[in-house]
Amino acid sequence: MFSVACITGLYGCKAHLLHYVLFCMPSRDILAEAQLEVKLNGIPEGKVLVVKWRGKPVFIYHRSQSIINQERAVNLSELRDPETDNDRAKRSEWLIVMGICTHLGCVPIPNAGLIPGGFFCPCHGSHFDAAGRIRKGPAMTNLEIPEYSFIDDNNIIIG
Ligand code: FES
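Notes on the structure in this doc start here. What you are looking at is a predicted structure, and each value in this text was computed from that prediction instead of being measured.

1. Overview of the sheet that holds strand S1 (residues 36–39)
Then, number 1: Pairing within the open sheet is antiparallel, and its three strands lie in the order S1-S10-S9. The open sheet is flanked by S1 and strand S9 (148–152), the only strands paired with a single partner. Each strand axis lies, on average, 25 degrees off the axis of its neighbour in the sheet, ignoring direction.
Then, number 2: Here four bridges tie S9 to strand S10 (residues 155–158), and the two strands are oriented antiparallel to one another. The partner of Phe 150 across the bridge, within S10, is Ile 156.

Printed below as a string of structure tokens:
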């Protein structure tokens, strides 16, 4: 009698445990969205490709040498949220940032605003430079940089 009760109890525990583990596991859709591979070789210099990752826009900006020079010449003491261009771009010709304004979450417009090659958020007038650093307007912080890595010279993986 006792062993029957134990076995029944163990099966009950297993069922609960399985239910809990399956409930906590991310679905296939979520796993598929967790990482996004992007080919870079179709993005012309000076252009920004917008991709959707985890339901949010990500800007992939192919920067020209003159824009890189412009951002590298910025004096950090002028910045509200000081970060060097080097800190923000793993490879200088590619800037990868979340396309979400850090003020209240609108989507900024690439290649617009006061800073040449920068981003402008029309909702309340935040201007970000071509490294995604806040330069003017109500946003207090730079555009966020998602987790990403280079697979090779022409491919990145976001996430
Ligand atoms: Fe971008 Fe307010 S949401 S400036």
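2. Digging into the packing of aromatic side chains
Then, number 1: This structure, assessed with the given rule, holds three aromatic pairs.
Then, number 2: Measuring from ring centre to ring centre gives 5.4 Å for Phe 59 and Phe 119, while their planes differ by 0 degrees; the resulting arrangement is stacked. Of this pair, Phe 59 sits in strand S3 (residues 56–62) while Phe 119 sits in strand S6 (residues 119–121), and the two are 60 residues apart along the sequence. In this pair, the class of Phe 59 matches that of Phe 119, namely buried.
Then, number 3: Centre to centre, the rings of Tyr 61 and Phe 119 are 5.8 Å apart; their planes meet at 85 degrees, and the pair counts as edge-to-face. Here the residue Tyr 61 occupies a position in strand S3, and Phe 119 occupies one in strand S6, the gap between them amounting to 58 residues. Across this residue pair, the class does not change: Tyr 61 and Phe 119 are buried.
Then, number 4: Each residue in the set Phe 59, Tyr 61 and Phe 119 is aromatic and connected to the rest through ring pairs, giving one cluster.
Then, number 5: Here the basic side chain of Lys 90 rests over the ring of Tyr 148, its NZ or CZ set 4.3 Å away from the ring centre.
Then, number 6: We note Arg 91 situated over the ring of Phe 150; from NZ or CZ to the ring centre the distance is 4.2 Å.

Conventions adopted
- Along each chain, the written sequence defines residue order, and numbers are assigned to residues from 1.
- Confidence filtering applies because this is a predicted model: local features only for residues at pLDDT of at least 70, side-chain atom pairs given and counted only at 80 or more, and all residues used for totals across whole chains, interfaces and linings.
- Calculated side-chain values reflect all of the structure's heavy atoms, with hydrogen atoms and water omitted.
- A pair of strands is labelled paired if DSSP reports no fewer than 2 bridges between them.
- Segments assigned H or I by DSSP are reported as helices when at least four residues long, segments assigned E as strands when at least two residues long, and all are numbered from the N terminus.
- A fitted line through C-alpha atoms serves as each axis, taken over the contacting stretch for helices, and the angle formed by two N-to-C directions is quoted from 0 to 180°.
- The rule is short: rings of Phe, Tyr and Trp, with Trp giving its six-membered ring, pair when the centres are within 6.5 Å, and they are stacked under 30 degrees, edge-to-face over 60, tilted in between.
- Buried, partly exposed and exposed residues are distinguished by accessible area as a fraction of the type maximum, computed with a 1.4 Å probe on protein chains only: under 20%, between the cut-offs, and over 50%, respectively.
- Think of it as a cone above the ring: NZ of Lys or CZ of Arg counts as a charge over the ring if it is within 6 Å of the ring centre and within 35 degrees of the ring normal.

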